[in-house]
Amino acid sequence: MSYFYHIPPSAAPIYLRDIFNGLIGFFQIKDYLHKFRKELEEYFQTKNVFLVSSGRAALTAILQALSRIDGNINKNEVIIPAYTCYSVPAAVIKAGFKVKLCDIDPNTLDFDYSLLKDEITEQTLAVVPCNLFGIPSDIERLKQVVTGSEIFIVDDAAQAMGASIDNKLAGSRGDLGLFSLDRGKNFTTVEGGIIITNRDDVAEEIKKILHNIEEYNKISQFLLLIKAMIISILIRPYLYWIPANLPVLGLGETRYSTQFEIRRMSNVQGGLAWNWLNKLKIFNEIRKRNAAYYRQTFSRLNKFKILEKSEATYHRYPISLRIEEVNMDGATRLGISKMYPGSIDHIPDFKSQQENSYPVATEVSRKLFCLPTHPYLNKSSRQKLVQQLQKVEESCKGTN
Ligand SMILES: *Cc1c(COP(=O)(O)O)cnc(C)c1O
């Protein structure tokens with residue numbers, strides 16, 4: 001494959017029409033935020049929708065609101081999976097809480113529910129299942145584990161917008177749900193976050209919190225539009241080598257940081273989202289089709305189980321390679337990449353407090369790779385990718 005062809009590991013197209021609507025949003029000609037909120041209420045069958053600047057911001061605001069609900073003053077712990085996006089622990093810390101980790105199940109990449117009950121204490125404020133890769137978490141099981149205690153379930157569907165189980169949408173199955181509209185997610189508004197909840201008491205607190213935060217000023221709104229244009233062009237495989245080779249952009253790097261802004265979403269992002277439901281449906285169909293193809297093609301690479309009656313959306317397709325270090329040179333340009341560099345207990349900020357007691361999360365973080373499923377993956381590059389992986393699979397045989 002040519003050097004000048006580089007498949008991004010994940011991507012959600014932004015079209016010229018979206019940018020045009022973003023521009024209309026910039027000049028406040030239409031109230032796109034109102035439209036977006038109404039459509040989300042309808043789609044998720046939810047009473048309250050809040051639009052913010054990122055998934056992290058959404059989770060931070062949610063947790064801050066939960067602690068303000070009567071009776072929660074002394075609760076200061078939030079349970080999250082030991083293998084998940086680094087933004088999750090970052091939001092917990094930013095909101096002023098302690099991160100409690102729970103190891104994961106290697107087959108489902110969800111919590112190991114048999115371990116979860118040992119992590120629950122009087123101090124537990126909330127549990128955050130993460131629906132990784134758009135695979136719905138087992139929230140029914142989680143409800144059984146927390147039953148009888150006032151613990152909130154925050155359904156983090158940042159990677160799972162449109163995924164469902166028994167026709168119930170991911171994100172709508174807990175007390176609150178959140179989504180991310182960042183570049184690599186199911187669809188994007190450059191950056192953005194959504195909170196949904198049917199709990200009016202919590203909604204009231206979130207409203208108060210968001211009332212006091214800053215809005216995007218005109219300059220940062222304009223920058224969002226510029227970024228939308230740049231992403232819309234450079235995300236294509238025949239141009240993606242340009243940003244991929246600019247180290248300053250740090251594409252594909254996962255860094256832990258609590259230095260992020262919490263803002264209300266701007267009307268520019270509302271404009272970029274004008275046709276979101278159609279885009280979401282089309283993109284997710286394509287992703288599911290690519291995932292189904294991978295599942296059929298790889299007989300020996302591990303397959304992760306999904307729950308009965310569930311529809312996973314696979315914003316990336318996870319595979320597990322059986323050896324610790326695989327030479328994946330050249331694979332980067334095919335969009336094959338690691339998901340996270342390590343489990344949460346390997347982030348320096350969390351290291352000292354928790355010794356290596358999350359063996360599954362650690363193991364998964366070493367072996368799990370992702371394949372691209374997005375709409376810019378065409379048949380011939382998918383073919384090349386499969387060939388490359390079959391070679392890797394062959395070379396692994398006998399090593400482990
Ligand atoms: C991406 C992601 C987030 C954070 O979303 P941002 O918009 O990037 O802040 C939170 N949780 C999970 C599981 C994610 O994948």
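It should be noted that the structure appears before, not after, this text.
Residues numbered from 1 in each chain as written. Predicted model: local features only at pLDDT ≥ 70, side-chain atom pairs only at ≥ 80, totals over all residues. Heavy atoms only, no water.

Here we look at the packing of helix 1 (residues 16-26) against helix 8 (residues 218-234)
The N-to-C vectors of helix 1 and helix 8 enclose an angle of 175 degrees; their axes lie 10 Å apart at closest approach. As judged from the angle between their axes, helix 1 and helix 8 are roughly antiparallel. Each of Ile-19, Gly-22, Leu-23 and Phe-26 in helix 1 lies in contact with helix 8, whose residues at this interface are Lys-218, Gln-221, Phe-222, Leu-225, Ala-228, Met-229 and Ser-232. Residue composition of the contact of helix 1 with helix 8, by class: seven nonpolar, three polar and one charged. (Axes fitted to C-alpha atoms, helices over the stretch in contact; angles between N-to-C directions. Helix = DSSP H or I, 4+ residues; strand = E, 2+ residues; numbered from the N terminus. Parallel < 35°, antiparallel > 145°, perpendicular 65-115°, else oblique. Contact = heavy atoms within 4.5 Å. Nonpolar A, V, L, I, M, F, W, Y, C, P; charged D, E, K, R; others polar.)

Here's the deal with the packing of aromatic side chains
A complete count under the given rule lists 18 aromatic pairs for this structure. Ring geometry for Phe-36 against Phe-187: centres 6.5 Å apart, planes inclined by 80 degrees, an arrangement best described as edge-to-face. With Phe-36 in helix 2 (residues 32-44) and Phe-187 in the loop between strand 8 (176-180) and strand 9 (193-197), this residue pair connects regions lying 151 residues apart in the sequence. No difference in accessibility class separates Phe-36 from Phe-187, as the two residues are buried. Ring centres of Phe-36 and Trp-276 lie 5.7 Å apart, and the angle between their planes is 65 degrees; this geometry places the pair in the edge-to-face category. Within this pair, whereas Phe-36 is found in helix 2, its partner Trp-276 is found in helix 11 (residues 276-297), the two being separated by 240 residues in sequence. Here the aromatic cluster, defined as three or more aromatic residues joined through ring pairs, consists of Phe-36, Tyr-43, Phe-44, Phe-179, Phe-187 and Trp-276. Positioned above the aromatic ring of Phe-260, the side-chain terminus of Lys-94 is 4.7 Å from the ring centre. Across from the ring centre of Tyr-216, 4.9 Å away, lies the NZ or CZ of Arg-263, which sits over that ring. (Phe/Tyr/Trp six-rings, centres within 6.5 Å; stacked < 30°, edge-to-face > 60°. Buried < 20%, exposed > 50% of the residue type's maximum accessible area, 1.4 Å probe, protein only. Lys NZ or Arg CZ within 6 Å of the ring centre and 35° of its normal.)

Remember, this is a structural readout, not a statement about activity or role.
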